[in-house]
Amino acid sequence: QVQLVESGGGLVQAGASLRLSCVASGSTFRSNIMGWYRQRPGKQRDFIADIRSGGKTNYADSLEGRFIISRDNAKNTVYLQMNNLKPEDTAVYYCHSRHPLLPNQSYWGQGTQVTVSS
């Protein structure tokens, strides 16, 4: 079992930056693929980025370059640095953890709200 706790959301103005953090419990953090998703009002949950244990990253095309994912295995933490935020980035941001080989080992955090005002 893995528990994920996100933090770092809030209300910011357009153009600002935020860094989200997600702390994971459990011994499988180092081997798991960690990711970030978001759900904008009235929309489905969308993929933002993920990062493998060795540091290889994968991004949604529309967000690469503006959003940066990283992880600190010593702290069981994954980060999402968000730059030049826009009002359309307003969403609930979710952390996700999954085992690379066992699809039933998939976990979600509770989400953190990010609101960007114009």
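This text gives an overview of the structure that appears in the document. (Residues numbered from 1 in each chain as written. Predicted model: local features only at pLDDT ≥ 70, side-chain atom pairs only at ≥ 80, totals over all residues. Heavy atoms only, no water.)

## Let's talk about the pattern of salt bridges
Item 1. On inspection of all chains with the given rule, the structure shows 3 salt bridges.
Item 2. Between Asp89 and Arg38 there is a salt bridge whose closest N-O contact spans 2.9 Å. Here Asp89, found in the loop between β8 (77-82) and β9 (91-98), pairs with Arg38, found in strand β4 (residues 33-39); they are 51 residues apart in sequence, far enough to count as distant. A single burial state applies to Asp89 and to Arg38, both of which are buried. (Salt bridge = Lys/Arg side-chain N within 4 Å of Asp/Glu carboxyl O. Helix = DSSP H or I, 4+ residues; strand = E, 2+ residues; numbered from the N terminus. Buried < 20%, exposed > 50% of the residue type's maximum accessible area, 1.4 Å probe, protein only.)

## Quick look at the sheet that holds strand β3 (residues 18-24)
Item 1. The strand order across the open sheet built from 4 strands is β1-β3-β8-β7, with neighbouring strands paired in antiparallel fashion. Strands with a single pairing partner mark the edges of an open sheet, and in this sheet they are β1 (4-7) and β7 (67-72). Going from strand to strand, the sheet's axes swing by 15 degrees on average, the running direction of each strand aside.
Item 2. Bridge count for β3 against β8 is 6 bridges, and the pairing is antiparallel. For Cys22, the partnering residue across the bridge sits in β8 and is Val78. (Pairing = 2+ DSSP bridges. Axes fitted to C-alpha atoms, helices over the stretch in contact; angles between N-to-C directions.)

## Quick notes on the side chain of His96
Item 1. Here His96 lies in strand β9.
Item 2. Overall, His96 belongs to the buried group, its relative accessible area being 6%.
Item 3. Among residues more than four places away in sequence, those in contact with His96 are Leu4, Ile33, Met34, Gly35, Tyr37, Ser106, Tyr107 and Trp108. (Contact = heavy atoms within 4.5 Å.)

## Some thoughts on the packing of aromatic side chains
Each aromatic ring pair is summarised here by two numbers: the centre-to-centre distance and the angle between the ring planes.
Item 1. Tallied over the full model, the rule gives 3 aromatic pairs.
Item 2. Measuring from ring centre to ring centre gives 5.5 Å for Tyr37 and Phe47, while their planes differ by 75 degrees; the resulting arrangement is edge-to-face. Pair noted here: Tyr37 is in strand β4 and Phe47 is in strand β5 (residues 45-51), with a separation of 10 residues, a long-range link.
Item 3. Since its relative accessible area comes to 26%, Phe47 is described here as partly exposed. (Phe/Tyr/Trp six-rings, centres within 6.5 Å; stacked < 30°, edge-to-face > 60°.)

## Points about the nonpolar core
Item 1. Ranked by internal contacts, the top residues of the largest apolar core, which has 27 residues, are Trp36, Leu80, Met82 and Tyr93.
Item 2. For this core, the secondary-structure elements that each account for two or more residues are β3, β4, β5, β7, β8, β9 and β11 (112-117).
Item 3. Dropping the residues within four chain positions of it, Met82 is found in contact with Ala16, Ser17, Leu18, Leu20, Arg66, Phe67, Tyr93 and Val114. (Core = buried A, V, L, I, M, F, W, Y, C linked by side-chain atoms within 4.5 Å.)

## Description of the pairing of β4
Item 1. Of all 7 residues in β4, 6 are buried, a share of seventy percent or more.
Item 2. Note that β4 and β9 share 7 bridges and pair antiparallel. Its bridge partner lying in β9, Trp36 is registered against Cys95.
Item 3. Summarising the sheet, β4 and β5 pair through 6 bridges and their orientation is antiparallel. Residue Arg38 lies in a different strand from β5, and its bridge partner there is Asp46.
Item 4. Adjacent in sequence and paired antiparallel, β4 and β5 are bridged by 5 residues, among which Gly42 carries a positive phi angle near 75 degrees.

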